[in-house]
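Report on the structure
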Amino acid sequence: MPEPVDESPQPPAPHSHAATLKRLEQSSGSLAAQAIARMDETLPWYRAMPPENRSWIGLVAQAGIAAFTEWFRHPDAPQAISTDVFGTAPRELTRAITLRQTVEMVRTTIEVMESAIDEVAAPGDESVLREALLVYAREIAFATAQVYAQAAEARGAWDARLESLVVNAVLSGEADEGAVSRAAALGWNSPEHVCVVLGTAPDGDSELTVEAIRRASRHAKLQVLTGVLGDRLVVIAGGSDNPLAVAKALIGPYAAGPVVAGPVVPDLLAATRSAQNAAAGLKACSAWQDAPRPVLADDLLPERAIAGDPAAREQLVEEIYRPLEEAGSALLETLSVYLEQASSLEGAARMLFVHPNTVRYRLRRVTDVTGWSPSDVRSAFTLRIALILGRLVDGDPQS
């Protein structure tokens, strides 16, 4: 009969490099001290760091050597090196030192350990320890990349939430100092000129759309805060006093359809006004089928006014009707008659009993006063709406 097989658990075999392992354990403290001394000697950024940050790095170096010792003890066991090494320091370490600096720190520590192999390894184990250190260095490199990738992902997700809060506050008219502080945390450095651009967001991953806006903004040297809110792609852009140029520079990621740029405002707190104007323009843009893309919210004043936008109505009255009124009744009368006569100089001159050159001169004055030319069809439409609204306001006893 075959002999019975003993299936009871067997004690683990003793480590084949026990002497080297013992020496490694005994040397871990001195190796960590040497690594820290080497960093202080060769890494200027380490010397310039505050004591708290240097102590964190010292903990990481000690943990790295201790983790290597444990890894050498059980080379076949799965090891969570990132947890063993980087878990000793707080998460803020990834903000305190860059990935490049971390790589320099790890390289210095590995070099110190490599230089001590002949002293630490038991006779005959030098090549084994050196090979183990090379493999461990590779694992540490992967662990370092993983730690910084996870930190970047977490920071990116947090920044995205923060940015969404700022964009939503501006669009909803609730921007306050808190929104300004959150924007500053995202790198917004309070540019002098700010405008809001609105349009339809494309289908698909909104993160890809946001990244496309960022690439376009970097190319145009603009600061942006952006987000997809519902079906709208919202961009708060800073750094240019030309909103139309801003919209043209950023228009690529928008879906088909109108793109409207609000007026330039001085800062982020005032960006609510730009956003409201752009939103009103986007709503009214369907009434102007031949509107350019992109288009300024101010170019949509008549459509916005007809759609019931009180800001557009007030702007038309205050920027067109009132200046004409203050310039004298002759301008208002001439403009009104000219528009009623289908933009005919001769017809207006006959109705006013003046020479056509007089009408021509007064119309040029209208352009000088308002910035809108009566001879242009689009401008004439805007001027007509402004006259109507101004007369309504003057004729309302409650105004």
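Once a new chain begins, its residue numbering starts again from 1 and follows that chain's sequence as written. With the structure being a predicted model, the display of local features is reserved for residues of pLDDT at least 70 and the display and counting of side-chain atom pairs for 80 or more, all residues being used for whole-chain, interface and lining totals. Working from all heavy atoms in the structure, the side-chain values ignore hydrogens and water.

Per an unreviewed UniProt entry, the recorded name for the protein is Helix-turn-helix domain-containing protein, and the organism is Streptomyces luteolus.

1. Quick word on the nonpolar core
Judged by nonpolar contacts, the single largest core of 33 residues is most densely connected at Met-39, Trp-45, Ile-57, Phe-68, Met-105, Leu-129 and Tyr-136. Helix and strand assignments come from DSSP, with helices taken as H or I runs of at least 4 residues and strands as E runs of at least 2, each series counted from the N terminus. Elements represented by at least two residues in this core include exactly helix 1 (18-42), helix 2 (44-47), helix 3 (51-73), helix 6 (99-115), helix 7 (117-120) and helix 8 (126-172). Of all the elements, helix 3 adds the most residues to this core, at eight residues. Two residues qualify as a contact provided that any one of their heavy atoms is within 4.5 Å of a heavy atom in the partner residue. Residue contacts for Leu-129: discarding those within four places in its chain leaves Thr-20, Phe-68, Phe-72, Ile-117, Val-120 and Ala-121. In terms of nonpolar packing, the next biggest core, distinct from the first, is built from 28 residues, Val-317, Ala-349, Val-366 and Trp-372 among them. Only buried Ala, Val, Leu, Ile, Met, Phe, Trp, Tyr and Cys residues count toward a nonpolar core, and they belong to the same one when joined by side-chain atoms within 4.5 Å. The buried label applies to any residue whose accessible area, calculated with a 1.4 Å probe on protein chains only, is under 20% of its type's maximum; exposed applies above 50%, and partly exposed to all values in between.

2. Here's the deal with the sheet that holds strand 2 (residues 223-229)
What holds strands together in a sheet is hydrogen bonding between their backbones, with the strands either parallel or antiparallel. Spatially, the five strands line up as an open sheet ordered 2-3-1-4-5, and their pairing is mixed. In this open sheet, the two strands that pair with only one neighbour each are strand 2 and strand 5 (295-296). For two strands to be treated as a pair, DSSP must find no fewer than two bridges joining them. Here three bridges tie strand 1 (residues 194-200) to strand 4 (residues 259-261), and the two strands are oriented antiparallel to one another. From the neighbouring strand, Gly-199 faces strand 4, where its bridge partner is Val-259.

3. Topic: the packing of aromatic side chains
Classification of ring pairs uses Phe, Tyr and Trp, with its six-membered ring standing for Trp, and accepts pairs whose centres are within 6.5 Å; under 30 degrees between planes counts as stacked, over 60 as edge-to-face, and the remaining range as tilted. Applying the stated criterion to the full structure yields one aromatic pair. Ring centres of Trp-45 and Tyr-46 lie 6.3 Å apart, and the angle between their planes is 85°; on these two criteria the pair is classed as edge-to-face. For the pair Trp-45 and Tyr-46, one class covers both residues: buried. One cation-aromatic arrangement involves Arg-378 over Trp-288; the distance from NZ or CZ to the ring centre is 3.5 Å. Think of it as a cone above the ring: NZ of Lys or CZ of Arg counts as a charge over the ring if it is within 6 Å of the ring centre and within 35 degrees of the ring normal.

4. Some remarks on unusual backbone geometry
Peptide bonds are mostly trans, and most non-glycine residues show a negative phi. In this model, Arg-293 is joined to Pro-294 through a cis peptide bond whose omega is 0°. Structurally, Pro-294 can be placed in the loop between helix 12 (271-284) and strand 5. Positive phi outside glycine occurs at Lys-221, with the angle close to 60°. Mapped onto the fold, Lys-221 is located in the loop between helix 10 (206-219) and strand 2. By relative accessible area, Lys-221 is classed as exposed at 72%.

5. Some remarks on the pairing of strand 3 (residues 232-238)
Buried residues dominate strand 3, accounting for six of its seven residues. With seven bridges connecting them, strand 1 and strand 3 associate as antiparallel partners. Paired with Thr-200 across the bridge in strand 3 is Arg-232. Joining the antiparallel neighbours strand 2 and strand 3 is a turn of two residues, in which Gly-230 adopts a positive phi near 65°.

6. Some remarks on empty space enclosed by the protein
Over the atoms a probe the size of a water molecule is rolled, and this reveals where empty space is left. Throughout, the protein atoms alone are placed on a 1 Å grid, and a set of points is a cavity if a 1.4 Å probe fits but cannot get out or a pocket if it is open with protein on both sides within 12 Å along at least five of seven lines; lining residues have an atom within 4 Å of a point. Grid points are joined across faces, edges and corners, and a volume is the space filled by probe spheres set on the points. Considering all chains together, one arrives at two cavities of 30 Å³ or more under this definition. Size it by volume and the second largest cavity reaches roughly 50 Å³. Only helix 1, helix 7 and helix 8 provide two or more residues apiece to the lining of the second largest cavity. Considering only residue class, the lining of the second largest cavity consists of nine nonpolar, no polar and no charged. Here the nonpolar group is Ala, Val, Leu, Ile, Met, Phe, Trp, Tyr, Cys and Pro; Asp, Glu, Lys and Arg are the charged ones; every other residue, Gly included, is treated as polar.

7. A look at the environment of Gly-371
By the element assignment, Gly-371 lies in the loop between helix 17 (356-370) and helix 18 (377-395). Between the C-alpha atom of Gly-371 and that of Ile-320, which follows or precedes it by 51 residues, the distance is 8.5 Å.

8. Section: the pattern of salt bridges
Salt bridge, as used here, is a side-chain nitrogen of Lys or Arg placed within 4 Å of a carboxyl oxygen of Asp or Glu. What the rule picks out here adds up to eight salt bridges. Arg-214 is the salt-bridge partner of Glu-163, the closest N and O atoms lying 2.3 Å from each other. Placement of Glu-163 in helix 8 and of Arg-214 in helix 10 is noted, with a sequence separation of 51 residues between them. With a relative accessible area of 6%, Glu-163 lands in the buried category. A salt bridge links Glu-325 to Arg-322; the nearest nitrogen and oxygen atoms lie 2.9 Å apart. On the criterion of helical spacing, the pair formed by Glu-325 and Arg-322 is a turn pair, its members being three residues apart in helix 14 (residues 310-327).

9. Re helix 12
Every helix has an expected span of 1.5 Å times one less than the residues it contains. The end-to-end C-alpha distance of helix 12 is 20 Å, a good match for the 20 Å that 14 residues give at a rise of 1.5 Å each. The element helix 12 is largely enclosed, with a buried count of 11 among its 14 residues. Taken as a whole, helix 12 has its buried residues at Ala-271, Thr-272, Ser-274, Ala-275, Asn-277, Ala-278, Ala-279, Ala-280, Gly-281, Leu-282 and Ala-284.

10. Details of the environment of Ala-18
Inspection of the secondary structure assignment puts Ala-18 in helix 1. A relative accessible area of 45% means that Ala-18 is categorised as partly exposed. Taking the C-alpha atoms as reference points, Ala-18 and Arg-73, 55 residues apart in sequence, are found 8.5 Å from one another.

11. Details of the packing of helix 16 (residues 345-352) against helix 17
For the pair helix 16 and helix 17, the least separation of the axes is 8 Å and the interaxial angle reads 105°. Put simply, helix 16 runs roughly perpendicular to helix 17. Within the contact between the two elements, helix 16 uses Leu-345, Ala-348, Ala-349 and Leu-352 and helix 17 uses Pro-356, Val-359, Arg-360, Arg-362 and Leu-363. Of the residues contributing to the contact of helix 16 with helix 17, the split by class is seven nonpolar, no polar and two charged. Every angle, taken between N-to-C directions, lies between 0 and 180 degrees, and every axis is a line fitted to C-alpha atoms, over only the stretch in contact when it is a helix. Note on angle classes: values under 35 degrees are labelled roughly parallel, values over 145 roughly antiparallel, values of 65 to 115 roughly perpendicular, and the remainder oblique.

12. Considering the side chain of Glu-303
Structurally, the position occupied by Glu-303 is in helix 13 (residues 301-306). Taking the relative accessible area as the measure of exposure, Glu-303 reaches 7% and is therefore buried. At 2.6 Å, the side chain of Glu-303 forms a polar contact with the side chain of Arg-378. Apart from residues no more than four positions distant in its own chain, Glu-303 is found in contact with Ala-284, Ala-287, Trp-288, Arg-378 and Phe-381. For this analysis, a polar contact is any N or O atom pair within 3.5 Å, provided that within protein one partner can donate a hydrogen and the other can accept it, and provided that sequence-adjacent residues contribute only side-chain to side-chain pairs.

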